[in-house]
Amino acid sequence: MLRKLKSSIRVCMDLVWLCAGWLAYAATGRTPHWAGMSLIRVFCASGGRSNDLMARMISWRHPPRQVSLAQGALPAFVARELEMAVGEIRQRGYHVLKNRVPADMCERLLQFALTQPAKLRATEGQTSAPATAVYDPRNPQAVRYEYAQQELIDHPDIQQLMADPALIGLAQSYLEAEPVADVMGLWWHTAFSDQPDAEAAQFYHFDMDRIKWVKFFICLTDVAPENGPHFFIAGSHRTDGIPRDLLAKGYARLTDEEVGRHYAAEDFIEFAAPRGTIIAEDTRGLHKGQHVHMGHRLMLQIQFSNSLFGPAYPKISFSRAAVPALAEAARQHPRVFSAFLPVQG
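Engineer: Which parts of the structure should I look at to understand the side chain of asparagine 51?
Structural biologist: The topology assignment puts asparagine 51 in helix H3 (residues 49–61). Judged by its relative accessible area of 1%, asparagine 51 falls in the buried class.

Below is the structure:
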């Protein structure tokens, strides 16, 4: 009884801190650290209802807008296709787009990742490793190599994808609000270690950087089962989609065994896919990158959120609009690119 009372008091306090943090964000554009932590704890306590309520308020404040941009690298959705894609994300938590990123764009991004220094994520138990290195497929030095966001948002092909009306339109339809492009990522996962690595997100977990978001994962190499494909638990993104005993662990990494006790085998979705495949996913659901047994995989992530409320990322800006599509998209949809300082021509 006493334990339940203490738990209820903690939830009430977190609700107060969350509301206070939202007011602070509205006034300053920055989320206090304690508010970001309260966002996670209230999500766990409510099974996601807190995020649902805040998302509805944001949709009222920033409703969807007509996306009237020229066609990008990807063919536009027809109305029926868009409806089906959004419906699958709402029901299952993901959708694999039928159109892929063009091969020449994949190849340019691959060459970038083979020639530019990346930050090496320290592997569990690793006592020393270089801070940065160019990835050598013959001699990996870490499980995960990560590229700086500044380099990514200045890359012409990534700018083209960020401004693609098909991706913006799908994100907006799912979020039910004009979206904000806010987190870009590009990383290698390698066969450096023979064990899954928590630091490389190779255990099941949920994300909670924002209130509501959708991520586009783009395979830039062919991904077979031995290359560490992405895994997702279908339906776990929905309200009460994650069992309470798992949420009680908080923002934790979960083993296959822990997760497997709660979901049917058919709910474990493996995304082994050819190069260029685009997976739209609500990573509020449980997901992981599988341990790489052989070779490697290169993945690009583009995230759209309904708000920037949440943990602060270092403020960066486009050095220039490397492609006309970005300048035009930023002009027509300034909120979409408000996470970054104004585009310079």
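Engineer: Any chance you could explain the pairing of strand S2 (residues 118–121) here in plain terms?
Structural biologist: In terms of strand pairing, S2 meets strand S3 (residues 132–133) through two bridges, oriented antiparallel. Residue pairing for S3: alanine 118 is matched across the bridge by alanine 133. With three bridges connecting them, S2 and strand S4 (residues 144–146) associate as antiparallel partners. Across the sheet, the residue bridging to leucine 120 is tyrosine 145, located in S4.

Engineer: Honestly, the nonpolar core in this entry has me stumped. Any pointers?
Structural biologist: Across soluble globular proteins, nonpolar side chains show a tendency to be buried alongside one another. If you look at the biggest cluster of nonpolar residues, it comprises 60 residues, and the most contacted ones within it are Tyr147, Met162, Leu186, Phe216, Leu300, Phe304 and Phe337. Here the element with the most residues in this core is helix H8 (residues 165–175); it accounts for seven residues. Filtering out sequence-adjacent residues up to four positions away, leucine 186 remains in contact with Phe112, Ala113, Tyr145, Glu146, Tyr147, Leu152, Leu220, Leu298, Met299 and Leu300. Core analysis: the next-biggest nonpolar cluster, separate from the first, contains 27 residues, Tyr25, Phe43, Met54 and Leu247 among them.

Engineer: What is the right way to read the packing of helix H2 (residues 33–46) against H3 from this model?
Structural biologist: When two helices pack together, their arrangement is given by the angle between their axes and by how far apart the axes lie. Where H2 meets H3, the axes come as close as 6 Å, and the angle between the chain directions of the two elements is 115°. Compared by their axis directions, H2 and H3 come out roughly perpendicular. Together, Leu39, Val42, Phe43 and Ser46 of H2 and Arg49, Ser50, Asn51 and Met54 of H3 make up the contact between the two elements. Partitioning the contact of H2 with H3 into residue classes produces four nonpolar, three polar and one charged.

Engineer: What am I meant to see in the side chain of aspartate 267 here?
Structural biologist: Looking at where aspartate 267 falls in the secondary structure, it is placed in the loop between helix H10 (256–260) and strand S8 (268–271). Buried charge aspartate 267 goes without a salt bridge, the closest partner of opposite sign being arginine 92 at 4.6 Å. The residues contacting aspartate 267, other than those within four sequence positions of it, are Phe232, Ile233 and Ala234.

Engineer: I keep staring at the pattern of salt bridges and nothing clicks. Help me out?
Structural biologist: When the charged atoms of two side chains with opposite charge come close together, those side chains can pair. By the definition in use, this model includes 19 salt bridges. Residue arginine 65 is joined to glutamate 178 by a salt bridge in which the shortest nitrogen-to-oxygen separation is 3.2 Å. Of this pair, arginine 65 sits in the loop between H3 and helix H4 (79–92) while glutamate 178 is found in the loop between H8 and strand S5 (180–190), placing the two residues 113 residues apart along the sequence. According to the relative accessible area criterion, arginine 65 is partly exposed, its value standing at 38%.

Engineer: Mind showing me how you'd approach the sheet that holds strand S11 (residues 296–305) here?
Structural biologist: Strands pair in a sheet through their backbones, by hydrogen bonds, and they do so in one of two ways: parallel or antiparallel. As summarised here, the arrangement of the eight strands in space is S1-S9-S6-S11-S5-S4-S2-S3, forming an open sheet in which the pairing is antiparallel. The strands lining the two open edges of the sheet, one partner per strand, are strand S1 (94–96) and S3. Of the strands in this sheet, S1 and strand S9 (278–281) are in contact with H4, which crosses S1 at around 140°. Sheet contacts for helix H5 (residues 103–115): S5, strand S6 (213–219) and S11; angle to S5, the most-contacted strand, approximately 65°.

Engineer: Even after reading the chapter, I still don't get H2, so can you show me in this structure?
Structural biologist: With 14 residues, H2 extends 20 Å from end C-alpha to end C-alpha; this agrees with the ideal 20 Å at 1.5 Å per step. Looking only at H2, the buried set comprises Ala35, Gly36, Ser38, Leu39, Ile40, Val42, Phe43, Cys44 and Ser46. Downstream of H2 by one or two residues, glycine 47 has phi in the positive range, about 70°.

Engineer: How should I be thinking about the pairing of S11 in this particular structure?
Structural biologist: The two faces of a sheet get side chains in turn, since along a regular strand they alternate between them. Among the 10 residues in S11, nine count as buried, and that is most of the element. Summarising the sheet, S5 and S11 pair through 10 bridges and their orientation is antiparallel. Bridging across to S11, methionine 184 finds its partner in isoleucine 302. Both S6 and S11 contribute to a ladder of seven bridges, which runs antiparallel.

Engineer: I would appreciate a short explanation of the sheet that holds S8 in the present structure.
Structural biologist: Read across the open sheet, the three strands follow the order S8-S7-S10; overall the sheet is antiparallel. Every other strand in the sheet has two partners, leaving S8 and strand S10 (287–289) as the edge strands with one partner each. Each neighbouring strand pair of the sheet contributes to a mean axis angle of 20°, computed without reference to strand direction. As judged from the three bridges shared by strand S7 (residues 230–233) and S10, these two strands associate in the antiparallel manner. By the bridge assignment, histidine 230 is partnered in S10 with glycine 289.

Engineer: I would appreciate a short explanation of unusual backbone geometry in the present structure.
Structural biologist: At glutamate 176, a position not held by glycine, the phi torsion is positive, near 55°. Tracing the chain through its elements places glutamate 176 in the loop between H8 and S5. With a relative accessible area of 42%, glutamate 176 lands in the partly exposed category.

Engineer: Mind showing me how you'd approach the state of the cysteines here?
Structural biologist: Two cysteines joined by a covalent bond between their sulfur atoms form a disulfide. Tallied over the entire structure, the rule returns zero disulfides. In this structure cysteine 44 is not part of a disulfide, and its nearest cysteine sulfur, from cysteine 12, lies 16 Å away. According to the relative accessible area criterion, cysteine 44 is buried, its value standing at 10%. The thiol of cysteine 219 is not disulfide-bonded; the next cysteine sulfur, from cysteine 106, is found 9.0 Å away.

Quick notes on the rules
Residues numbered from 1 in each chain as written. Predicted model: local features only at pLDDT ≥ 70, side-chain atom pairs only at ≥ 80, totals over all residues. Heavy atoms only, no water. Helix = DSSP H or I, 4+ residues; strand = E, 2+ residues; numbered from the N terminus. Buried < 20%, exposed > 50% of the residue type's maximum accessible area, 1.4 Å probe, protein only. Pairing = 2+ DSSP bridges. Core = buried A, V, L, I, M, F, W, Y, C linked by side-chain atoms within 4.5 Å. Contact = heavy atoms within 4.5 Å. Axes fitted to C-alpha atoms, helices over the stretch in contact; angles between N-to-C directions. Parallel < 35°, antiparallel > 145°, perpendicular 65-115°, else oblique. Nonpolar A, V, L, I, M, F, W, Y, C, P; charged D, E, K, R; others polar. Lys, Arg positive; Asp, Glu negative; His and termini not counted. Salt bridge = Lys/Arg side-chain N within 4 Å of Asp/Glu carboxyl O. Expected span 1.5 Å × (residues − 1). Disulfide = S-S within 2.5 Å.

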